[in-house]
Amino acid sequence: MGNALFYHLTRSAAGDLLPALLPRARGAGWRVELRGTDPAAIEALDLALWQIEGFLPHGIAGGRHDSRQPVLLRAVAKEDAPEPAPNDPACLMALDGAPVSPAEAEALSRVCVIFDGNDPAALERARDQWRGLTEAGIAAEYWSEAGGKWERKR
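What comes next is a walk through the structure.

Calculation notes
Residues numbered from 1 in each chain as written. Predicted model: local features only at pLDDT ≥ 70, side-chain atom pairs only at ≥ 80, totals over all residues. Heavy atoms only, no water. Pairing = 2+ DSSP bridges. Helix = DSSP H or I, 4+ residues; strand = E, 2+ residues; numbered from the N terminus. Contact = heavy atoms within 4.5 Å. Axes fitted to C-alpha atoms, helices over the stretch in contact; angles between N-to-C directions. Patch = residues over 30% accessible without salt bridge, like charges linked within 9 Å, V, L, I, M, F, W, Y side chains within 5 Å. Areas by Shrake-Rupley, 256 points an atom, 1.4 Å probe, with all protein chains shown as cover. Salt bridge = Lys/Arg side-chain N within 4 Å of Asp/Glu carboxyl O. Lys, Arg positive; Asp, Glu negative; His and termini not counted. Charge placed at Lys NZ, Arg CZ, Asp CG, Glu CD. Buried < 20%, exposed > 50% of the residue type's maximum accessible area, 1.4 Å probe, protein only. Phe/Tyr/Trp six-rings, centres within 6.5 Å; stacked < 30°, edge-to-face > 60°.

Turning to the sheet that holds strand E7 (residues 139-144), a few remarks are in order. If you trace the eight strands from one edge of the open sheet to the other, you get E3-E4-E2-E5-E6-E1-E7-E8, paired in mixed fashion. Each end of this open sheet is capped by a strand with a single partner; those strands are strand E3 (59-60) and strand E8 (151-153). Pairing of E3 with strand E4 (residues 71-75) involves two bridges; the strand directions are parallel. Residue pairing for E4: isoleucine 60 is matched across the bridge by leucine 73. Running at roughly 175° to strand E5 (residues 91-95), helix H1 (residues 14-27) makes contact with strand E1 (3-9), strand E2 (32-36), E4, E5 and strand E6 (110-116) of the sheet.

Rendered as structure tokens:
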């Protein structure tokens, strides 16, 4: 059974956190699905990930080699229960309120829910996701950058 880590952004954007999280996930040997809800934001993340220091192979879903991508970026609707990612990820990083089901979280090694704490709707969506996952028995941790550095809160 996997666990869920919730990252409450207050000082930075998801694009600032991902260059730290993605290499760690890859270092653990995991394939990653980076799931968002806005296709334009996914394309912007794709470009940003090519600019980070070090090589982080990845691709946007819809290509010929989706099943071979170590990091696959996908846009899905918030209301949808998405089909499994073709790259068979062990880790899911969900942005912008992208859906994550308890069954999906249970089957993965790790789920990271990254949300903008300055957006009331995003904050409420993350709270709903926390409740849904923890009520289903998924272990969850809450991380905040409000103090100027990332800290695990209890």
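For the rest of this paragraph, the subject is a negative patch on the surface. Together, Asp38, Asp96, Asp116 and Asp119 line one region of the surface with negative charge. Take aspartate 116: it is sitting in strand E6. You can call aspartate 116 partly exposed: its relative accessible area is 36%.

Tracing the sequence through the fold places glutamine 129 in helix H4 (residues 120-135). Setting aside residues up to four positions removed in sequence, glutamine 129 forms contacts with Phe6, Gly97, Ala98, Pro99, Val100 and Val113.

Pairing between side chains becomes possible if they bear opposite charge and their charged atoms approach one another. One pass over the structure, following the stated rule, counts seven salt bridges. Residue glutamate 104 is joined to arginine 35 by a salt bridge in which the shortest nitrogen-to-oxygen separation is 2.5 Å. One end of the pair, glutamate 104, is in helix H3 (residues 102-107); the other, arginine 35, is in strand E2, with 69 residues separating them in the sequence. Look at arginine 35 and you get buried, because its relative accessible area is 0%. With a shortest N-O distance of 3.5 Å, lysine 153 and glutamate 151 are connected by a salt bridge. Looking at lysine 153, the relative accessible area reads 37%, which means it is partly exposed. Look at glutamate 151 and you get partly exposed, because its relative accessible area is 30%. Among the charged side chains, a salt-bridge network with shared partners connects Glu33, Arg35, Arg74 and Glu104.

Following the criterion strictly, the structure yields four aromatic pairs and no others. On the basis of an interplanar angle of 65° and a centroid distance of 5.1 Å, the ring pair of phenylalanine 6 and tryptophan 130 is categorised as edge-to-face. Note that phenylalanine 6 is positioned in strand E1 and tryptophan 130 in helix H4, a separation of 124 residues in sequence. Aromatic side chains tyrosine 7 and tryptophan 143 sit 6.4 Å apart centroid to centroid with 20° between the ring planes, which places their arrangement in the stacked category. With tyrosine 7 in strand E1 and tryptophan 143 in strand E7, this pair connects stretches of sequence that are 136 residues apart. Residue tryptophan 143 is classed as partly exposed on the basis of its relative accessible area, which comes to 22%.

Here the focus is the pairing of E5. Burial of E5 is extensive: five of the five residues sit out of reach of the surface. Of the two faces of E5, both are covered, the one formed by Cys91, Met93 and Leu95 as well as the one formed by Leu92 and Ala94. Taken together, the four bridges between E2 and E5 define a ladder with parallel strand orientation. The partner of arginine 35 across the bridge, within E5, is alanine 94. Inspection of the sheet shows E5 paired to E6 by five bridges, in the parallel sense. Directly across from cysteine 91, in E6, lies its bridge partner arginine 110.

Read these as spatial facts, not as claims about activity.
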